[in-house]
Number of protein chains: 2
Amino acid sequence: MDKLKGFRDFYPEEMRQRRRIFNVCREVSRLFGYEEISFPSIEPLELFRVKSGDQILDQTYSFRDKGARELTLIPEATPSVSRMLAERKDLPRPVRWFSLEKYWRYEEPQAGRTREFYQYNGDLFGPYSELADAEIIGLAGSILDNLGLGGKYEFHVSHRKLMENILLKLGAPRPADVLPVIDRFHKIPESASVEKLEQAGIRSDGLDTLVRMLKARVNLETVDSFLGNAGLDIAGLPEVEWLKMVGMLLKPYSVKNVIFDASIVRGFAYYTGTVFEAFDLHEENRAILGGGRYDNLVSVISGTSIPAIGFGMGDVVLELVMKASGVWTATEGELIAAVCFASEDCVTYALDLASQLRKHGIPALISPESRSLSSQMKDASRHGARFALIVGEKEKERGTVTVKRMSDGSQKTVTIGEAITVLTGELNHSGE
Amino acid sequence: MDKLKGFRDFYPEEMRQRRRIFNVCREVSRLFGYEEISFPSIEPLELFRVKSGDQILDQTYSFRDKGARELTLIPEATPSVSRMLAERKDLPRPVRWFSLEKYWRYEEPQAGRTREFYQYNGDLFGPYSELADAEIIGLAGSILDNLGLGGKYEFHVSHRKLMENILLKLGAPRPADVLPVIDRFHKIPESASVEKLEQAGIRSDGLDTLVRMLKARVNLETVDSFLGNAGLDIAGLPEVEWLKMVGMLLKPYSVKNVIFDASIVRGFAYYTGTVFEAFDLHEENRAILGGGRYDNLVSVISGTSIPAIGFGMGDVVLELVMKASGVWTATEGELIAAVCFASEDCVTYALDLASQLRKHGIPALISPESRSLSSQMKDASRHGARFALIVGEKEKERGTVTVKRMSDGSQKTVTIGEAITVLTGELNHSGE
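Since this is a predicted model, take the numbers as computed values, not measurements.

## Structural notes on the pattern of salt bridges
On inspection of all chains with the given rule, the structure shows 70 salt bridges over all chains. Note that Glu35 of chain A and Arg16 of chain B form a salt bridge whose closest N and O atoms lie 3.0 Å from each other. Here Arg16 of chain B lies in helix 1 (residues 12-31) and Glu35 of chain A lies in strand 1 (residues 35-36), a pairing that spans two chains. Note on Arg16 of chain B: relative accessible area 34%, which makes it partly exposed. Measuring nitrogen to oxygen at the nearest pair gives 3.0 Å for the salt bridge that ties Asp315 of chain B to Arg8 of chain B. Within this pair, whereas Asp315 of chain B is found in helix 12 (residues 315-324), its partner Arg8 of chain B is found in the segment before helix 1, the two being separated by 307 residues in sequence. For Asp315 of chain B, a relative accessible area of 7% puts it in the buried group.

Right, dumping it as C-alpha cells:
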C-alpha cells in the first residue's frame, strides 16, 4: 500500500536534516524577538477566498465536512496568521510572530514542488515603515546565512504600488491586471510579453522603457537614479524613496546582494507594498523564499486595519538549494552506548545501568531480546554505537561494567560511576 | 471570521508550553535510542480500513480528491508507521522510531478532546519479547517523569490474548466480540455490563469471577497468583507469565505503580498482546496515554510479518493533567535586549548593535518605527525586555552604549564589547 503521489515519508536520516533546519529557523527567530504561534491545518474555505487570489483556490485540498461546511487544508499561512492577530487586539505592538507548519496544494508534483510541504513564516505586525521591511528581509537573510547559504543567494526587491503607478503612467487603465503579465515576464518569450503589455494598454512609446526596466538588476540603494535615468517619470512616487531607504537600512544586517528587480510581483493578491524574493545564485536560480507587505489583509478579515509584512520559505526548494550548495550535510551519528548482557541473570543489572546512563544524558540502547553477547555486539555496531557496555556475572557482583570502544576494540572494566564519567566526557567532547 | 469548532490556535504563551513538552519528548526519545520519523498527513483511506476498527473510520475527515481517490486526514499514527517500516526491509532491527504529528478526528469536542490534536508515538519493531514491552512502557513512563508527572500516574496493563483465552474458557464462543463490552465496563452500570456478558455467552457460574477480575487492581508482578486465587483456570496460558515478567523487567525503569487491570482492552482492532494505559492519579483519573503490541499489522499492510509494540500520547489530555498537577508551568520571559535610538541619525548604529548582539546569541529587539525614546522604552518594558540599550549621538561617536536594567532603572554607559559581556553573563546566569 503506497503513500500518495506528491507526499513524502521522512526516515530518521532525512528527519535529522529537517529537524536541524527547523532548529535554525527557531533559534534565529528567537534572536530577532519573533515568537512561535500555531493554527489549525483546516480552515473555512472562505478565509482563503478573495484574500489569496484565484490561482491558489484551484490548488487547495477542499472538501465539505459532515456538517456540509466548505473546508480546506491550509495552502498558506498569511490568512490564518492575520485571523489570529485580529482576534487579539490586546497584544502589545509591534507583534513579531513566526510559524513552522505543514501546507497542502493540489498541484502537479515536480522538482521543487510537492503536494504537502513544510513552510516557515515570519511576520511583523504594526509598523508601516522602511525599518520594518528591512527587519523582515534581514530576518530572512539571517536564517539563510545560519543554514550555511551565506553569499549564495540574492534578494530581489520591488514594490507593488510603485509598479502599479508606473504602469498607470505608461497608459495601462487597470494596472492590477497587468501584474500577472509582469510576473510571467521571465518565463515566456519577450515578444509574447510585449504583445500582452500592448493589449493591456501600455503606450507604444513606453514599451521599450518598461521592458528595459523589467530586465534591469540594480542595487536597491540606487533605484532612484536608475529609474530617473531610464526615462521614467518618477516624480511624486514616494515608493522610490521607500525602496531606496529599505536598501540603506539593510546594511547593518548580514544580508548582502539586495537588488531592485521590477519583475518581482508575487502571486498573492493581498500584497500592497514592498515585495521580495531570495534567489539562489546557483545555476538553477530558484526562488528560495518570498514575501511582502500586506497592509489591508487584517482589515479584510476583521475590519481592523493593521499594517503587516512577512515572508514564507518552503522546505522543498530549500532542500534542493542546500543540496546544490553542499550544505545539506549529514549530521554525525550520535554517541550511543549499547548495553550488552552476557546472560539472562544480568538483565536487570543491565537495564538499571541503561537507566542510569540516560539520567546522565547519555543515549543508551539495550537489546530488547535475550540474544547471545556476540549478536548484541553486532547489533551495537550496526546501530552506530560508539561504546558497548558489557555486563556479565562478574560485573554484576562487583558493580562494574566493561567499556569497549567500538572503533578500536579497546576495553576496560570500571565502576559504573567511572563509566558515566568517561561517556559524559566523550559526549561533551563531541559537542552534543 | 472564526476558526472551526474543535480546533485550536496557539498564541506564543501557549506555544511555548507545547514546545517545551515536544522538546522533552524528543530528548527522552533520544536517550532511549528512538529516532524521529515523519509521514504524510493525508493517506489513502484504505490504509485505515480494516486495520483500525470501524469506530475510527466513522470519525475520520475523509474526502475524494480531484482524481476521485478516497483520502483521509490521518486519525492515528500506527498504520502509517507500519507502512513506512514495511517499505524499508534493509533497516537494522530492532527499529526504534518516534513521531510527533498532528491528527484529526471528527468527534464531538469536549474537555480532553479536540478535532485536531498533536500526538507523540513511540514504536519498537522487531523483537517479540517481554523486554521490548518493558522498554516501551519504560519510555512512556520516563517521558511522563520528565514532564514533571513522576508519582502522579499509574500504568494499567493487560493482555489481549489472555483476555480472549479467559473469555473462551468462560464460555464466550467469539471472545473478540466481548472485548468492546469489557472496554466499556467502567463506563456503564455494572448490571448492564453483566447482561451484555451473559448475552455474549459467558456461563453464569463464571460471571461473578469475571466481574471480580474486571474490578481488581493488583501489582503486575503478582498477576499469576491473583488469577489463580480468583478461581480462574489459567493453566496453559503463557500470557500470565509474560505479564508477570514485564512487571519484573520494569523495575529498573523509573516508572512505578504498574498494575494489572483486566478492563484495559484499547479501542484499536489490531492489538495482539500486551495492552496498557497510563492514568493520572488525580481525581479525574484520565488516560494520559495508551498502547500495545500489534504483531500482525505490518503483515496485513505488506505481507511481511514483524512484531511491534508502541504507544501514543495526545497533547489535549496531557495538558489537562499537567495543569491539574500544577506542572504546566509558564516559562520565564526570555532575556531580551531592546535597542532604543535617540534620533534617526543613530538608526544604523542601533541596527548594527542589534546585529552584533544576535551574533553573540542575545535576543535583541529594535523598534521598527522612528518613535520617541520614551515610547521605545515603554515598548521595551511591555515586551518584557530585561535591558534597554540606548544609543544617541554621543554613544554613536564614541562606540558606546547606555545599558539600562529595566527592573531597577540603573544604567551605565559602556563599550559595545563590555555590553555584550554583561548580557552574555546574564544569559548564562539565567540558564538559557
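## Looking at the packing of helix 5 (residues 160-169) of chain A against helix 8 (residues 204-215) of chain A
Residue and element names in this part refer to chain A. Two numbers describe how helix 5 lies on helix 8: the axes approach to 11 Å, and their chain directions differ by 160°. As summarised for this structure, helix 5 and helix 8 are arranged roughly antiparallel, according to the angle between their axes. Here helix 5 and helix 8 pass one another in a crossing that is right-handed. Residues Met163, Ile166 and Leu167 of helix 5 form the contact with helix 8, whose own contacting residues are Leu210, Met213 and Leu214.

## Quick notes on empty space enclosed by the protein
Regions of empty space are outlined by a rolling probe, equal in size to a water molecule, passed over the atoms. One pass over the full model with this rule turns up eight cavities of 30 Å³ or more. In this structure, the largest cavity spans a volume of roughly 340 Å³. Forming the walls of the largest cavity are 23 residues, and the residues nearest its centre are Leu100, Glu101 and Tyr118 of chain A together with Leu100 and Tyr118 of chain B. Every element with two or more residues in the lining of the largest cavity is listed here: helix 1 (12-31) and strand 5 (95-104) of chain A together with helix 1 and strand 5 (95-104) of chain B. Grouping the amino acids of the lining of the largest cavity by side-chain chemistry returns ten nonpolar, three polar and ten charged.

## Description of the packing of helix 4 (residues 130-149) of chain B against helix 10 (residues 238-249) of chain B
Residues and elements named next belong to chain B. Contact pair helix 4 / helix 10: the axes reach a minimum separation of 9 Å and the direction vectors enclose 50°. With respect to each other, helix 4 and helix 10 are oriented oblique. Helix 10 is crossed by helix 4, and the crossing has right-handed handedness. Between helix 4, through Glu130, Leu131, Asp133, Ala134 and Ile137, and helix 10, the contact on the second element is made entirely by Trp242, Met245, Val246 and Leu249. Tallied by class, residues from the contact of helix 4 with helix 10 come to seven nonpolar, no polar and two charged.

## Considerations on the sheet that holds strand 4 (residues 70-73) of chain B
Residues and elements named next belong to chain B. With antiparallel pairing, three strands are arranged side by side in an open sheet as 2-4-3. Looking at which strands have only one partner, the edges of the open sheet turn out to be strand 2 (42-44) and strand 3 (62-64). The sheet shows a mean angle of 35° between the axes of neighbouring strands, taken without regard to direction. Sheet topology note: the strand 2/strand 4 ladder contains three bridges and is antiparallel. Counted as the bridge partner of Pro44 is Leu71 from strand 4.

## Some remarks on the relation of the copies chain A and chain B
After a rotation of 180° and a shift along the axis of 0.0 Å, chain A superposes on chain B with an RMSD of 0.1 Å. Here the two chains are linked by the operation of a two-fold rotation axis. No C-alpha of chain A lies nearer the rotation axis than that of Phe63 of chain A, which sits 3.2 Å from it. Most of the interface of chain A is mirrored in chain B: 100% of its interface residues are interface residues there too.

## Regarding the environment of Ser375 of chain A
All names here are of chain A. Within the element layout of this structure, Ser375 appears in helix 14 (residues 373-382). For Ser375 and Cys340, which are 35 residues apart along the polypeptide, the C-alpha to C-alpha distance reads 9.4 Å. Here the side chain of Ser375 touches Ser372 through a polar contact of 2.8 Å, side chain to side chain.

## Comments concerning the interface of chain A and chain B
At the interface, 90 residues of chain A touch 90 residues of chain B. Roughly 8,000 Å² of surface becomes buried between chain A and chain B when both sides are summed, with 58% attributable to carbon and sulfur atoms. Broken down residue by residue, the surface that chain A buries against chain B is led by Met1, Tyr11 and Pro368 of chain A, which jointly contribute 10%. For the pair chain A and chain B, the number of links is ten salt bridges. Ionic pairing is found between Arg19 of chain A and Glu36 of chain B, a salt bridge with its closest N-O pair at 3.0 Å.

Parameters at a glance
- Residue indices begin from 1 for each chain and proceed along its sequence in written order.
- Whichever chain is written first becomes A and whichever ligand is written first becomes 1, with later ones labelled in order.
- Local features are withheld for residues below a pLDDT of 70 in this predicted model, meaning they are given only at 70 or higher, and side-chain atom pairs are given and counted only at 80 or more; totals for whole chains, interfaces and linings count all residues.
- Computation of side-chain values: all heavy atoms of the structure, hydrogens and water removed.
- Note on definitions: salt bridges are taken to be side-chain nitrogens of Lys or Arg within 4 Å of carboxyl oxygens of Asp or Glu.
- Think of it this way: any DSSP run of H or I at least four residues long counts as a helix, any run of E at least two long counts as a strand, and we number them from the N terminus.
- The buried label goes to any residue with under 20% of its type's maximum accessible area, the exposed label to any with over 50%, and the partly exposed label to all in between, with areas taken from a 1.4 Å probe on protein chains only.
- Convention adopted: a line fitted to C-alpha atoms gives each axis, helices being fitted over their contacting stretch, and angles between N-to-C directions are expressed from 0 to 180 degrees.
- Should an angle fall under 35 degrees it is taken as roughly parallel, and over 145 as roughly antiparallel, whereas 65 to 115 is taken as roughly perpendicular and any remaining angle as oblique.
- What makes a crossing left-handed is the near helix being turned counterclockwise from the far one by less than a right angle; a clockwise turn instead makes it right-handed.
- Contacts are assigned to residue pairs with any non-hydrogen atoms lying within 4.5 Å of each other.
- Note on definitions: the grid is 1 Å and covers protein atoms alone; a cavity is a set of points where a 1.4 Å probe fits but cannot get out; a pocket is an open set with protein on both sides within 12 Å along at least five of seven lines; lining residues have an atom within 4 Å of a point.
- Grid points are joined across faces, edges and corners, and a volume is the space filled by probe spheres set on the points.
- Residues are grouped as follows: nonpolar covers Ala, Val, Leu, Ile, Met, Phe, Trp, Tyr, Cys and Pro; charged covers Asp, Glu, Lys and Arg; every other residue, Gly included, is treated as polar.
- For two strands to be treated as a pair, DSSP must find no fewer than two bridges joining them.
- Alignment of copies: least-squares fit on C-alpha atoms of residues with pLDDT of at least 70 in both copies.
- Nitrogen and oxygen atoms within 3.5 Å of one another constitute a polar contact, given that in protein one can donate a hydrogen and the other can accept it, and given that sequence-neighbouring residues count only through two side-chain atoms.
- Each of two parts loses accessible area, computed with a 1.4 Å probe, when they are put together; buried area is these two losses added.

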